[in-house]
Amino acid sequence: MTLEPAQEHRIVCHLDRLLADREMTLAELALRVGVTVVNLSVLKNDRARAVRFSTLTSICEVLGCQPGDVLSLRPGR
Amino acid sequence: MIRILGRFLLFLGVVAAIAGVAYAINGATQARAYVEVAVQVRDGGDLEVAGTSPDGTETTVSVLPEPEFDRGGISLSIPGATRGGSLLAPTDSLELSSFGSTVPEQLLGRGHLAVRGLCLLAGALLIRRLLESINEGKPFQRGNAARIAGITALVVTGALAGLLPVLASNLVLDRIGLNGVDSPVLAAAADAPFSSLMIAALLLALAEAFRRGTDMAQDVEGLV
């Protein structure tokens, strides 16, 4: 899924680090959040274009963190 | 189920296209023979009904006088009918048979079936692809709005094909010298395609809805 240049963003997802810190797999997180592994993989690899607040809420509840821990803005060029 | 429907429509389209084109070509091979075209009666006063008298000789009988003809048809009495019952043969759509036809007359006389058969085939191909995308869970994928618009064009084309037999009728009437204002017959008018136009308008609205749906689907593509 490739974004067109006009739609590129600088939002970075830190799921991989959060999962490693909690020794949790992506599959387990997907099961507990109620989202498919494919979609979480899309999010983890910065290929998502939008995130539902309900999904973000569930991720933060399961990982015990804040939205700012999951997503951050990469500095511009 | 959707796949079966798509294949069935494609089968119908292939049959209709082959049959329609073959029928038209077959007509063209019968040039110089009889051709039948639709006409309507403008003035039945001079028309005659050909028949055979009891002694075997061929006779002609004039159509009943104006008062009966004014009822929009030719009145036929029924032997033994009580209380004055009669038959009314409509004259707004009769078949004119003429020997010595030309290739254009034959092709135009049958061309509407070829055109509609080809439209049906093209429409079946478009509908089949549309159904496949819906079956795959991607109803608003790119191209579906254009496919529906294409089907709309085919519906309109099929409706307009009804004008081809009218052209054939005019060619025949012109060839046999009955295409003037004094002629008792004229080419039968094509049926007004009101239902086809309504369907086309509905399909255009549906195409626009699918186009908006495609835009919305792209907006949520990649949504987690």
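The rules behind the values
Within each chain, residue numbers correspond to sequence positions counted from 1 in written order. Chain A is the first chain written and ligand 1 is the first ligand written, with later ones labelled in order. This being a predicted model, a pLDDT of at least 70 is required before a residue's local features are given, and a value of 80 or more before pairs of side-chain atoms are given or counted; all residues contribute to the totals for chains, interfaces and linings. The side-chain quantities take in all heavy atoms of the structure and omit both hydrogens and water. Strands are runs of DSSP state E lasting at least two residues, helices are runs of H or I lasting at least four, and both sets are numbered from the N terminus onward. Here the expected span of a helix is defined as 1.5 Å times the quantity of residues minus one. Categorising residues by exposure relies on relative accessible area from a 1.4 Å probe, with only protein chains included: less than 20% of the type maximum marks a residue as buried, more than 50% marks it as exposed, and the intermediate range marks it as partly exposed. By the convention used here, residues are in contact when the closest approach between their heavy atoms is within 4.5 Å. As a working definition, buried area equals the accessible area (1.4 Å probe) given up by two parts on being put together, with both sides summed. Whenever a carboxyl oxygen of Asp or Glu lies within 4 Å of a side-chain nitrogen of Lys or Arg, that contact is scored as a salt bridge. Helix axes are fitted to C-alpha atoms over the stretch in contact, other axes to C-alpha atoms as well, and angles between N-to-C directions run from 0 to 180 degrees. With the far helix as reference, a near helix turned anticlockwise by less than a right angle produces a left-handed crossing, and one turned clockwise produces a right-handed crossing. Charged residues are taken to be Asp, Glu, Lys and Arg, nonpolar residues to be Ala, Val, Leu, Ile, Met, Phe, Trp, Tyr, Cys and Pro, and polar residues to be all remaining types, Gly included. Geometric relationships in this document are graded by angle, where less than 35 degrees denotes roughly parallel, more than 145 denotes roughly antiparallel, 65 to 115 denotes roughly perpendicular, and other angles denote oblique.

(A) Structural context of helix 1 (residues 2-28) of chain B. Residues and elements named next belong to chain B. Here helix 1 spans 39 Å end to end across 27 residues, near enough to the 39 Å set by a 1.5 Å rise per residue. Within the sequence span of helix 1, burial applies to G6, L10, G13, A17, G20, A24, G27 and A28. Residues of helix 1 that are buried in the fold lie against helix 3 (103-135).

(B) Representation of the interface of chain B and chain A. At the interface, 5 residues of chain B touch 11 residues of chain A. Between chain B and chain A, roughly 730 Å² of surface is buried when both sides are summed, and carbon and sulfur atoms account for 57% of that area. For the chain B face of the interface with chain A, the top three residues by lost area are G222, L223 and V224 of chain B, together amounting to 78%. Counting across the interface, chain B meets chain A through 0 salt bridges.

(C) Seen up close, the packing of helix 2 (residues 26-33) of chain A against helix 4 (residues 53-63) of chain A. All names here are of chain A. The geometry of helix 2 relative to helix 4 is characterised by a closest axis approach of 9 Å and an angle of 120 degrees between their N-to-C directions. Classified by chirality, the crossing of helix 4 by helix 2 is right-handed. Residue-level inspection shows L29, R32 and V33 of helix 2 in contact with helix 4, the latter providing T55, S58, I59, V62 and L63. For the contact of helix 2 with helix 4, the class distribution of residues is 5 nonpolar, 2 polar and 1 charged.

(D) Broad picture of the packing of helix 4 (residues 144-160) of chain B against helix 6 (residues 194-219) of chain B. Residues and elements named next belong to chain B. Between helix 4 and helix 6, the least distance of the axes is 8 Å, while the angle of their chain directions is 170 degrees. In this view, helix 4 runs roughly antiparallel relative to helix 6, as classed from their interaxial angle. In contact with N144, A145, I148, A149, I151, T152, V155, V156 and A159 of helix 4, helix 6 contributes S196, I199, A200, L203, L204, L206, A207, F210 and R211. Partitioned by chemical class, the residues of the contact of helix 4 with helix 6 number 14 nonpolar, 3 polar and 1 charged.

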